[in-house]
Amino acid sequence: MTGLEVVVGMLIGWFARRAKHVGEQVDKKVDEALDAGLEKVHDLVAGKLHDEPALKVLEGEVVDNGEASTRTQARVRLALEEAVDTDKAFATQLDAAVQAAGGPTAGPQGVAISGGVNATGGGIAIGGVTGGSVSMTREDPS
């Protein structure tokens, strides 16, 4: 099963992109594909967790602030854990939707492993839905 943190991240991405696109015309193919993938994950989760208050709080926080609190993310992840533990068909559908949206594939015991992401020569590879910033400096060896 895909790491549920990735699903929560995708939900945050969907809500944030949805709020950003209000009133804007989106005409790029990449945006359309990403929106479609995130929307599929959102619709699947929203259909399953339609009565879950944490999902509504997640949406509100992202729309209002552009981000979600750690507590809200944890609450949604716990609700998702319960859903995938009790409904294997949902778990399979969610895993497929995340993979189709470009998220990581599931490894042993549901540990997320990024597919198609690779780093060599001391590099760093990050896959899936990510956020934040990275600042790196390199000292001149001479």
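In this text, all values refer to a predicted model and were calculated from it rather than measured experimentally.

Asks: How should I be thinking about the nonpolar core in this particular structure?
Replies: A general feature of soluble globular proteins is that nonpolar side chains tend to end up buried together. V7, L11, V41, V45, L58, L80 and L94 are the most contacted members of the largest nonpolar core, which totals 29 residues. Of all elements in the fold, only α1 (4-21), α2 (29-48), α3 (53-65), α4 (70-86) and α5 (88-100) reach the threshold of two or more residues within this core. In terms of residues, this core owes the most to one element, α1, which gives nine residues.

Asks: Looking at this model, I keep getting lost on the packing of α4 against α5. Mind explaining?
Replies: The relative placement of two packed helices comes down to the angle between their axes together with the axis-to-axis distance. α5 packs onto α4 with a crossing angle of 115 degrees between their chain directions and a minimal axis gap of 5 Å. Taken together, the residues of α5 that come into contact with α4 (itself represented by L80, A83, V84, D85 and T86) are K88, F90, A91 and L94. Looking at the contact of α4 with α5, its residues break down into six nonpolar, one polar and two charged.

Asks: Help me understand the packing of α3 against α4 in this model?
Replies: At a minimum axis distance of 9 Å, the contact between α3 and α4 shows a crossing angle of 145 degrees. As α3 runs across α4, the sense of the crossing is left-handed. Here P53, A54, L55, V57, L58 and E61 of α3 lie close against α4, whose contacting residues are T72, R75 and V76. When grouped by side-chain class, the residues that make up the contact of α3 with α4 number six nonpolar, one polar and two charged.

Analysis parameters
- Residues numbered from 1 in each chain as written.
- Predicted model: local features only at pLDDT ≥ 70, side-chain atom pairs only at ≥ 80, totals over all residues.
- Heavy atoms only, no water.
- Core = buried A, V, L, I, M, F, W, Y, C linked by side-chain atoms within 4.5 Å.
- Buried < 20%, exposed > 50% of the residue type's maximum accessible area, 1.4 Å probe, protein only.
- Helix = DSSP H or I, 4+ residues; strand = E, 2+ residues; numbered from the N terminus.
- Axes fitted to C-alpha atoms, helices over the stretch in contact; angles between N-to-C directions.
- Contact = heavy atoms within 4.5 Å.
- Nonpolar A, V, L, I, M, F, W, Y, C, P; charged D, E, K, R; others polar.
- Left-handed = near helix turned anticlockwise from the far one by under 90°.

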